[in-house]
Amino acid sequence: ESLKVVFSATWFQSQDNLAPRIDWVGISQQGYILTYSREDAALCSYSVNGRLLKRQPVQDYLRCFLFSEDGTVLVTGGEGRVLTWRWVHDLTLANDGAREGFEAVVDGRCEASHVPAFPGAIRSLAMSKNERHIVVGLETGELYILAPDSNYLRQRLQKQLEYLGFY
């Protein structure tokens, strides 16, 4: 069997009328298709039928991408030495709705534990089951393991239930 083209989406055209190269593509659990182009320094979100929903310029040279367990959030990292959480449908910072009260941009610093910010570019990401920990691999060879406080999951569940209208 061969692959069939379901849709073909064209990225925004550059001045010389050539579409920028796509360096990463991912599909969320909900069917959103996300792309990233280093040439264009932008993330794009497409519907499952290929309609462009949002094009979001980014200030970082991104190297790694990770969807949340439920597929509603994209976590990115790169040369800027920060992790960024974005909603997949509109690529806005994910610090509202079910994630209200949580930082959407994190540099790895934990002043309470005297942990400095990421000392190098982020090269890889992994997330544990139930998003209890996120492992960040740096170009320096170091691994950072980020863990929200012990109330994180309870707070997230409560916020998700409130967002859905349950009190």
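In the block above lies the structure referred to throughout.
Residues numbered from 1 in each chain as written. Predicted model: local features only at pLDDT ≥ 70, side-chain atom pairs only at ≥ 80, totals over all residues. Heavy atoms only, no water.

1. With respect to the overall build of the protein
- A tally of regular secondary structure across the protein gives one helix and 11 strands.
- Secondary structure elements of the protein occur, N-terminal to C-terminal, as β-β-β-β-β-β-β-β-β-β-β-α.
- Evaluated residue by residue, the protein yields a buried proportion of 37% over its 167 residues.
- Here the contacts in the protein between residues at least 6 apart in sequence split such that 38% fall between residues at least 24 apart.
- Of the roughly 10,300 Å² of accessible surface on the protein, a fraction of 51% belongs to carbon and sulfur atoms. (Helix = DSSP H or I, 4+ residues; strand = E, 2+ residues; numbered from the N terminus. Buried < 20%, exposed > 50% of the residue type's maximum accessible area, 1.4 Å probe, protein only. Contact = heavy atoms within 4.5 Å. Areas by Shrake-Rupley, 256 points an atom, 1.4 Å probe, with all protein chains shown as cover.)

2. Regarding the pairing of strand β7 (residues 83-87)
- A large share of β7 lies buried, amounting to five of its five residues.
- Residues Leu 83, Trp 85 and Trp 87 line one face of β7 and the alternating positions Thr 84 and Arg 86 line the opposite face, and both faces are buried.
- Direction of pairing for strand β6 (residues 73-78) relative to β7: antiparallel, over a ladder of five bridges. Paired with Gly 77 across the strands is Leu 83, a residue of β7.
- Between β6 and the antiparallel strand that follows it, β7, lie four residues; Arg 81 among them carries a positive phi value of about 65°.
- The pairing of β7 with strand β8 (residues 105-106) spans two bridges and is classified as antiparallel. Paired with Thr 84 across the strands is Val 105, a residue of β8. (Pairing = 2+ DSSP bridges.)

3. Some points on the sheet that holds strand β11 (residues 143-146)
- Read from one edge of the open sheet, three strands run β9-β10-β11, paired in antiparallel fashion. Edge strands, defined here as strands with exactly one partner in the open sheet, are β9 (122-127) and β11. Taken pair by pair, the neighbouring strands of this sheet meet at an average axis angle of 20°, ignoring direction.
- As paired elements, strand β10 (residues 134-138) and β11 share four bridges and run antiparallel to each other. Within β11, the residue paired with Val 136 across the bridge is Tyr 144. (Axes fitted to C-alpha atoms, helices over the stretch in contact; angles between N-to-C directions.)

4. Here we look at the side chain of Ser 68
- Locating Ser 68 in the fold gives a position in the loop between β5 (62-67) and β6.
- For Ser 68, the side chain forms a polar contact with the side chain of Asp 70, separated by 2.7 Å.
- With residues up to four places along the chain from it excluded, the contact list for Ser 68 reads Val 73, Met 127 and Glu 131. (Polar contact = N/O pair within 3.5 Å; in protein donor to acceptor, adjacent residues only side chain to side chain.)

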